[in-house]
Amino acid sequence: MPTTPDVPAASPAGALLLCRADPGTVAPAARLLRERMELIGAGGEWSALVPAGTPWADGTEPVDRVLTGWATALAVSAPWPVLALWWDADRSGYSLASGFRRPVSYEWLTNGTPVAQDEAMRTFAARLGLDPVLDMEALERLTRPDAAADARARLRGLLAVLMRAGVTLPDGLAPGLPAGRLCENARALPGARTITWSDGHEEAGAVPEGARAETGAADVEDAHAEPAFRAVRAGHVGHRPAPGGHRPPVRALAAVQLAVGLAVGAYGVRCRSGGWIASGALLLAHGALALAYDRLRDHG
């Protein structure tokens, strides 16, 4: 099977972003990462984003750094956690981002040797609400030496635990495949949609062309917008409250996103990290959008 032109066939690196939200909710936030990705459902309340792998294709940007940046950006801008699974020729691991908290990461060498602190697994289980006894026992086994388990087997073991939290990866999205192969497999799955930045809409499978023509761009966007954005457009956010009511702290939250976005973006520029730059850009975009709508409502 031919590989995608975005990633050299020799590149073994690949990644998945698991979001605890349905595809329609994930799509608007994912588009702001400015990377081509495939989006597919991955269980009742989970979605999987499959990046093409462009930022790390030439070897200048480590896949784990890029994925941690993307996961952080998505989690800060949305009320659901994001789990990044990644692998390359030397290592495999994960990074869990949730809100403004510091991401939790764990890593294994190719032969399966753990190179992270056990405390990370306990924090991981707590943030996802996993069973503190049964699930934690299975996770702890992934932190112990096991000559029969390489790094890919460790990720498969992690996914087996996550199945009890509702994660079900579609066929063809197994950890260990290169990014190009993953994208091809994801694109062929029923219900998959391609996310891009250029045209502001999902390219494949998102909305039929007839619906696009009938409803117009704004209505199509509303159909897949995050609930918070739909509330803004409907006037529930930023509207003057009734006497005695309480106004949602939209401006304060927007200011926080702008401030954090500037700091994250500046850090990415200093480190020449595409992942952190994308994180900063996403935060800035969300903060600016919320602030702009709030001001429009004030003067409406």
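Keep in mind the model is a prediction, meaning the values are calculated, not measured.

**A word on unusual backbone geometry**
The backbone of R34 shows a phi angle near 60°, a positive value even though the residue is not glycine. Within the secondary structure, R34 is located in the loop between α1 (23–31) and β2 (37–41).

**Considering the packing of aromatic side chains**
Scanning the entire structure with this criterion turns up five aromatic pairs. Taking 6.1 Å as the distance between ring centres and 55° as the angle between the ring planes, the aromatic pair formed by W56 and W70 counts as tilted. Here W56 is found in the loop between β3 (47–51) and α2 (63–76), whereas its partner W70 is found in helix α2, with 14 residues between them in sequence. The class of W56 is buried, set by a relative accessible area of 4%. For the pair Y106 and W108, a centre-to-centre distance of 5.0 Å together with 50° between the ring planes defines the contact as tilted. The same class applies to Y106 as to W108, namely buried. Aromatic ring contacts, followed pair by pair, group Y94, Y106, W108 and F124 into a single cluster.

**Some thoughts on the sheet that holds β2**
Here we have seven strands laid out as an open sheet, ordered β6-β5-β4-β1-β3-β2-β7, and antiparallel in their pairing. What marks the edges here is a single partner per strand, and that holds for β6 (104–109) and β7 (193–195). Across this sheet, the average inter-strand angle for adjacent strands is 20°, counted without regard to direction. Where strand β5 (residues 91–97) and β6 come together, six bridges link them in antiparallel fashion. Its bridge partner being in β6, R91 is matched across the sheet by L109. Packed onto the sheet, helix α6 (residues 179–187) meets β1 (14–19), β2, β3 and β4 (82–87) and runs at close to 135° relative to β3.

**Observations regarding the pattern of salt bridges**
For the coordinates displayed, the defined rule picks out nine salt bridges. Here E38 and R187 are joined by a salt bridge, their closest N and O atoms 3.2 Å apart. Note that E38 is positioned in strand β2 and R187 in helix α6, a separation of 149 residues in sequence. Overlapping salt bridges, with partners in common, bring together D64, D88, R91 and E107 in one network.

**Some remarks on helix α5 (residues 151–162)**
For α5, spanning twelve residues, the distance from its first C-alpha to its last is 17 Å, which sits close to the expected 16 Å at 1.5 Å a residue. Of the positions making up α5, those classed as buried are A151, R152, R154, L155, L158, L159, V161 and L162. Buried residues along α5 sit against β1, β4, β5, β6, α3 (118–128) and α4 (134–141). Between the side-chain oxygen of the N-cap and the backbone nitrogen of R152 there are 3.3 Å, and the N-cap of α5 in question is D150.

**Examining the nonpolar core**
One recurring pattern in soluble globular proteins: nonpolar side chains tend to sit buried together. By size, the foremost hydrophobic cluster in this structure holds 40 residues, and its most contacted members are L85, Y94, F124, L139 and L158. By residue number, the principal contributor to this core is α5, which donates six residues. Not counting residues up to four positions away in its chain, the partners in contact with Y94 are L83, A84, L85, W86, V104, S105, Y106, W108, A120, M121, F124 and L158.

**Some words on the packing of α3 against α4**
Closest axis-to-axis distance for the α3/α4 pair is 10 Å, and the angle between their directions is 145°. Handedness of the crossing formed by α3 with α4: right-handed. Contacts between α3 and α4 pair M121, R122, F124 and A125 from the former with M136, L139 and E140 from the latter.

**Quick word on the confidence of the model for the protein**
The pLDDT averaged across the protein works out to 76; a share of 67% of its residues lies at or above 70. Low confidence marks residues 1–9, where pLDDT is under 50. Its contacts with residues over four positions away, or in another chain, come to 18 contacts. Across residues 199–248, confidence stays below pLDDT 50; counting only partners more than four residues off in sequence or on other chains, it has 79 contacts.

Conventions adopted
Residues numbered from 1 in each chain as written. Predicted model: local features only at pLDDT ≥ 70, side-chain atom pairs only at ≥ 80, totals over all residues. Heavy atoms only, no water. Helix = DSSP H or I, 4+ residues; strand = E, 2+ residues; numbered from the N terminus. Phe/Tyr/Trp six-rings, centres within 6.5 Å; stacked < 30°, edge-to-face > 60°. Buried < 20%, exposed > 50% of the residue type's maximum accessible area, 1.4 Å probe, protein only. Pairing = 2+ DSSP bridges. Axes fitted to C-alpha atoms, helices over the stretch in contact; angles between N-to-C directions. Contact = heavy atoms within 4.5 Å. Salt bridge = Lys/Arg side-chain N within 4 Å of Asp/Glu carboxyl O. Expected span 1.5 Å × (residues − 1). Polar contact = N/O pair within 3.5 Å; in protein donor to acceptor, adjacent residues only side chain to side chain. Core = buried A, V, L, I, M, F, W, Y, C linked by side-chain atoms within 4.5 Å. Left-handed = near helix turned anticlockwise from the far one by under 90°. pLDDT = per-residue confidence, 0-100.

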